[in-house]
Amino acid sequence: MKRAFLIFFVLALARTPTLSQEPTSTTQALVARAKALELNTSYVPPPGDPQVHHASGFAKIMCSAVFITGLDPDFAAENVGYFTAPYAERAKVGKPVIDRANRAVHIALPGGITRTAKFLGSQGCVTLPVDKTMVNFMPVAVKSQLPDASTEQWPMGDTLPNDPLPAEIDAAKVKHAVEAAFEPASGMTAAFVATWKGRIIGERYGDGITARTPLESWSMGKSLAATLLGILIKRGVYELGQPAPIPEWQDAGDPRAKIRIADILHMSSGLRIRAPLDPDYDPSGPYPDHLYLYTGSVNSFHYAATRPQQWPPNTVGRYRNTDPVLISYLIRLGVEKRGEEYLSFPQRALFDKIGIRTMVMETDPYGNFLGQGYELASARDWTRLGNLYLQDGVWDGERILPRGYAKFVGTLAPAWQADNRPIYGAFFWLNGDTRFAVPKEAYYMWGAGGNFTLIIPSHDLVVTRLGHFKGAAAGEKSLNDALALLMEAVPKRN
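Cut-offs used in this document
Residues numbered from 1 in each chain as written. Predicted model: local features only at pLDDT ≥ 70, side-chain atom pairs only at ≥ 80, totals over all residues. Heavy atoms only, no water. Helix = DSSP H or I, 4+ residues; strand = E, 2+ residues; numbered from the N terminus. Rg over C-alpha atoms; globule rule 2.2 N^0.38 Å. Contact = heavy atoms within 4.5 Å. Areas by Shrake-Rupley, 256 points an atom, 1.4 Å probe, with all protein chains shown as cover. Lys, Arg positive; Asp, Glu negative; His and termini not counted. Charge placed at Lys NZ, Arg CZ, Asp CG, Glu CD. Pairing = 2+ DSSP bridges. Axes fitted to C-alpha atoms, helices over the stretch in contact; angles between N-to-C directions. Disulfide = S-S within 2.5 Å. Buried < 20%, exposed > 50% of the residue type's maximum accessible area, 1.4 Å probe, protein only. Salt bridge = Lys/Arg side-chain N within 4 Å of Asp/Glu carboxyl O. Polar contact = N/O pair within 3.5 Å; in protein donor to acceptor, adjacent residues only side chain to side chain.

## Some remarks on the overall build of the protein
So, step 1. When helices and strands are counted, the protein shows 16 helices and 15 strands.
So, step 2. Computed over its C-alpha atoms, the radius of gyration of the protein comes to 21 Å, within 12% of the 23 Å expected for a compact globule of 494 residues.
So, step 3. With the C-alpha coordinates aligned to their principal axes, the bounding extent of the protein is approximately 60 × 50 × 50 Å.
So, step 4. Expressed as a percentage of contacts within the protein between residues at least 6 apart in sequence, the contacts between residues at least 24 apart total 68%.
So, step 5. When the accessible surface of the protein is summed, it comes to about 18,500 Å², and 54% of that surface belongs to carbon and sulfur atoms.
So, step 6. Side chains of the protein give 51 positive and 48 negative charges; the mean places of these two sets differ by 2 Å.

Shown next, in the form of structure tokens:
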């Protein structure tokens, strides 16, 4: 029963591109190629009881859903966040206790252990280590310097123009596209925003959701991590081609010292962990490190940095959370090297510059951003980030990202190309497999549960769809139907 559930969880709920969906011969070729390149190192699984880790994820998800998104607890327990808190596992623990006075959520496990996630304000919700009552860092109140969004025009604010859509736009088809994004109701679409040349041309929200509601976004946060690193590259702190200065890799003879920053962004560092998207992943095996980096309540940066090398860098592409965690590690190192305050850096360096007001970046108990997917934001704010890339990293005349960085993240990673999988760039996914009804050149942020922001330069489009996790499969089909209509509604760029 447990094995059957895990298979269902990994393949049906995560809704990330699983190799089981590819032909068996393709999977066999991927495994064989990786085996031929594999280094002689050992795998050590994460410590602890998987059920305790599941409860950690459940507590955090419920805390974020209630205290950040504002969802009803019963609705949240049924419909959101299966990725680190599998739906079937929820029945094995006590009903979440919502402690509104202390802004915390408690999950009791059989045997007497309780996992607690606490809302910390600007750092969102953090699951405390077992038997701990506080985190290992001092939370920081991060304040936006922007005026109230209702007082500014889009995109820096939320006020929209009253004039009709441009004549080049087929308004009727845009309307149908927005409707398609919410059909059927089982898709549980929560938010849909489409912009053309930066202007909102279509928008709608589900029940109880507004233009300013932060929603679970999962691995869309990886693209945000790439953006923050890009800002540090623009400021001269790092270069893409340099070996990543991870402190744990600096001993003489450490092979990981050869891993470049670009290799990490390309999901090809080669570090040895277990992740559900590995072609040889066995769901009956140990609890995967890929999830432990969310739920372990440990120093995630140190854990990722101490994994051994499985392959030489830039040879094998694998979707593993070690790589975005290490990019977040580099962000912290780079920001603090400059003498800046780390937890407020994203707000100062990015969000205030492009009108983002709702983004909440959550941390581990040591105050490290879990930029691999513990971010919540409104659909409009993810759309703003998408438009930054559509504009090659320039916003209102200011270059925020290095020239050509948008092309870099949207270009096929060499290690993934070597495996004949044209689907991954640099913490952005590529439409090289024509997953979506848009040109192959499109690239996108993607989070489990059916969360997407697509950048479609050929048509000057950015499209964001956010949804509640339970509706992921139907919701993705709805998104694709909407995209097909948008392709007919807007002209191709000249």
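That shown, we press on.
## Quick look at the sheet that holds strand β12 (residues 429–430)
So, step 1. The six strands lie next to each other as β6-β5-β15-β14-β13-β12, forming an open sheet whose pairing is antiparallel. Two strands close off the open sheet at either side, each with one partner strand: β6 (199–205) and β12.
So, step 2. For strand β14 (residues 451–456) and strand β15 (residues 461–467), the ladder comprises five bridges, and the chain directions are antiparallel. The partner of F452 across the bridge, within β15, is R465.
So, step 3. Of the strands in this sheet, β13 (443–447), β14 and β15 touch helix α7 (residues 220–234), which is tilted by about 125° from β13.
So, step 4. Strands β5 (189–196), β14 and β15 of the sheet are contacted by helix α16 (residues 472–489), whose axis makes an angle of about 160° with β15.

## Considerations on the state of the cysteines
So, step 1. Throughout the structure, instances matching the rule amount to one disulfide.
So, step 2. Here C63 connects covalently by a disulfide to C125, the sulfurs 2.1 Å from one another. On the S-S bond that ties C63 to C125, the torsion sits near -70°, and the link is left-handed. Here C63 is found in helix α3 (residues 50–69), whereas its partner C125 is found in strand β4 (residues 125–127), with 62 residues between them in sequence.
So, step 3. The exposure class assigned to C125 is buried, which follows from its relative accessible area of 0%.

## Quick look at the environment of R403
So, step 1. You can see R403 is positioned in the loop between β11 (398–399) and α14 (405–409).
So, step 2. Note on R403: relative accessible area 68%, which makes it exposed.
So, step 3. Along the sequence, R403 and V316 sit 87 residues apart, while their C-alpha atoms lie 27 Å from each other.

## Some remarks on unusual backbone geometry
So, step 1. A cis amide bond links W154 with the next residue in sequence, P155, at an omega value of 15°.
So, step 2. Tracing the backbone shows P155 in the loop between β4 and α6 (171–181).
So, step 3. With an omega of -5°, the peptide bond running from E183 to P184 counts as cis.
So, step 4. Positive phi is not limited to glycine here, since N420 has a value of about 60°.
So, step 5. Mapped onto the elements, N420 comes out in the loop between α15 (414–418) and β12.
So, step 6. Residue classification places N420 among the exposed positions, given a relative accessible area of 68%.
So, step 7. Despite not being glycine, T434 shows a phi value in the positive range, around 50°.
So, step 8. T434 gets classed as partly exposed once you look at its relative accessible area, which sits at 45%.

## Quick word on the side chain of R465
So, step 1. Its location among the elements puts R465 in strand β15.
So, step 2. Despite its burial, R465 pairs with no opposite charge, the nearest such side chain being E476 at 8.0 Å.
So, step 3. Within the structure, R465 has its side chain in polar contact with the side chain of T189 (distance 3.0 Å).
So, step 4. Leaving out residues up to four positions away in the same chain, R465 has contacts with G187, M188, T189, A191, F192, G449, G450, N451, F452, G471, G475 and L479.

## With respect to the pairing of β6
So, step 1. With five of seven residues buried, β6 is to be regarded as a mostly interior element.
So, step 2. One ladder, built from six bridges, connects β5 with β6; its direction is antiparallel. Looking at the pairing, A194 lines up with G202 of β6.
So, step 3. Here β5 folds back onto β6, and the loop between the two strands holds two residues, one of which, K197, carries a positive phi near 50°.

## A word on the environment of Y43
So, step 1. By the element assignment, Y43 lies in the loop between α2 (24–37) and α3.
So, step 2. Judged by relative accessible area, Y43 falls into the partly exposed class, the value being 26%.
So, step 3. In the structure, Y43 is positioned 308 residues away from F351 in sequence and 39 Å away in space, judged by C-alpha atoms.
So, step 4. Y43 has contacts with R272, I273, R274, Y287 and D289, leaving out every residue within four places of it along the chain.
So, step 5. Looking at Y43, its side chain comes within polar contact range of the side chain of D289, at 2.6 Å.

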